[in-house]
Every structure is written in structure tokens, then in C-alpha cells.
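Structural overview for review
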Amino acid sequence: MDYCSLDQLVGRLAEGETGEMSGYLPQASSEEDKSALAELITRVSRRIDAYVTDAQAENFFAPSPAEASEGTFYGDGCSYLWLPEFVPGSVSKLAGLRGVEITTFVEQPTGLQLADADGVLTRGAVFGDGVPYKVTARFGFAAIPADINEAALQLCVRTYRSKDEGFSGVIGSMRNDGAIIERAMPVAVKEILEVHRRKYRGRRIDFA
């Protein structure tokens, strides 16, 4: 999944009902330039994945499938069950051991909180430590986040304008621990990616 488009980079003329678009790099109009930029977009998108997820996931910011899927996650003895990224409002089912459905929960931004019969949040009930729970939801993002789209565009522009350096000094290389060594990542791009990186690292997830 690419996090920005060729049209966004080079622009497009009005075609039928598709309006004209001003690109970030309108001077890159040759077919050779466009071919190189298409490859660069994919490379930059994967580097964004690697930076944010410590090289643990690809296509991390891809839109979630329209159909919900089931995932298995493990409790830690608390009343909160941490989940990976999911589309808000998409959790349709929670089941515990032997498939017993649990209906007394409240969806939160980063997971599920147990509640009592009246829907009041409670710490009196817990997700058993090490117990598997099956959650049905649309895991992932509803759409590519706008700030990730912007980060991809800026990083592509920076890389393209530094092509005489052979791209080596722009995005950088990866250390053994998966961290990116950047020598010329735009400050605005790094700020955007750090927000998502902290969020990714902050989710305490133990799932199958």
C-alpha cells in the first residue's frame, strides 16, 4: 500500500469529471520521472512503516477491509483488554473461553473496558491473565491518516530533490534493531512519524 499518489506528487490535468490537481513536483512531468517517482513512493511508504513499527509491520497504515475479522487477544488480569488499531465503532463481538459471548463492555480508543449490567465501567470484573479472548472488529485504519499522507509526500519530495546523492543521504539505512538512521528527514515529517511511533509503542498488545 502506497501512502501517497503519483497525482499528488506531479499533479494532473482535468479529465472528464476529475478536477485538475496541482502537484508537489509539477516539474517531474516526463514518463521517466513518473516511473522513478512511482517506485520512490512505495519505498518511502515502507520506510514509514519501518520507522513507526520498529520494522515489525508492513502496510501498517493501509485502510482496513470493509468486512470485520476475528482476532485473538490475551487478558492481563485487568478490566481493560488492549487491542491493535481498529476502526472506531466496529467492534461487534467479544467472546471468552469456550466461545461464551461477553456483552458487558464499552469500546474505548485503544481497547475494551468491562462494565456492569448497567453499562457502568467497573474494575470488579477482569480479563483473566493469559486467557484468550476473541474480538470481531475492523482492525486497522478507516483510511490512510491525513498526516501520514502528508509525511509521505514531503519525504518523496525531499528524496527526489536529493537524487544526485543517490538517495543514500535522505531516508538513511536501518540498524540491526530496526531503527532508521536519517540524515536529512524533514523535521515536520519526523514530528508526524514520532507521534504515531509513540502510539504504536504505547499499545500493550499480546495477541495470537
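Read on for an overview of the structure. All of these numbers come straight from a predicted model, not from anything done at the bench. (Residues numbered from 1 in each chain as written. Predicted model: local features only at pLDDT ≥ 70, side-chain atom pairs only at ≥ 80, totals over all residues. Heavy atoms only, no water.)

**Some remarks on the nonpolar core**
Among the nonpolar cores identified, the biggest contains 27 residues, and L9, L37, I48 and L193 are the most heavily contacted of them. Among the secondary structure elements, those contributing two or more residues to this core are helix 1 (6–10), helix 2 (31–53), helix 3 (146–161) and helix 4 (187–202). The biggest single contributor to this core is helix 3, with eight residues. Setting aside residues no more than four positions away along its own chain, I48 makes contact with Y3, F61, I148, A151, A152 and L193. Counting residues in each nonpolar core, the second largest holds 15 residues, with F86, L94, L114 and A137 among its members. (Core = buried A, V, L, I, M, F, W, Y, C linked by side-chain atoms within 4.5 Å. Buried < 20%, exposed > 50% of the residue type's maximum accessible area, 1.4 Å probe, protein only. Helix = DSSP H or I, 4+ residues; strand = E, 2+ residues; numbered from the N terminus. Contact = heavy atoms within 4.5 Å.)

**Re the packing of aromatic side chains**
Across all of its chains, the model carries eight aromatic pairs by this definition. The interplanar angle of 85° and the centroid separation of 5.7 Å between the aromatic rings of Y3 and F61 together place this pair among those described as edge-to-face. A residue pair is termed long-range when its members are at least 10 positions apart, and Y3 in the segment before helix 1 and F61 in the loop between helix 2 and strand 1 (69–74) qualify at 58 residues. The interplanar angle of 50° and the centroid separation of 5.5 Å between the aromatic rings of F73 and F139 together place this pair among those described as tilted. One end of the pair, F73, is in strand 1; the other, F139, is in the loop between strand 6 (132–137) and helix 3, with 66 residues separating them in the sequence. F139 shares its class with F73; the two are buried. Over the ring of Y3 we find R46, and its NZ or CZ is 5.5 Å from the ring centre. (Phe/Tyr/Trp six-rings, centres within 6.5 Å; stacked < 30°, edge-to-face > 60°. Lys NZ or Arg CZ within 6 Å of the ring centre and 35° of its normal.)

**Overview of the pattern of salt bridges**
For the coordinates displayed, the defined rule picks out five salt bridges. Across the pair R197 and D54 runs a salt bridge, and its minimum N-O distance is 3.3 Å. Taken together, the positions of R197 in helix 4 and D54 in the loop between helix 2 and strand 1 put the pair 143 residues apart, joining distant regions of the chain. For the pair R197 and D54, one class covers both residues: buried. Two residues, K199 and E85, come together in a salt bridge whose shortest N-O distance is 3.6 Å. Residue K199 is located in helix 4, and its partner E85 is located in the loop between strand 2 (80–82) and strand 3 (93–95); the two are separated by 114 residues in the primary sequence. Via salt bridges that share partners, D54, E194, R197 and R201 belong to a single interconnected network. (Salt bridge = Lys/Arg side-chain N within 4 Å of Asp/Glu carboxyl O.)

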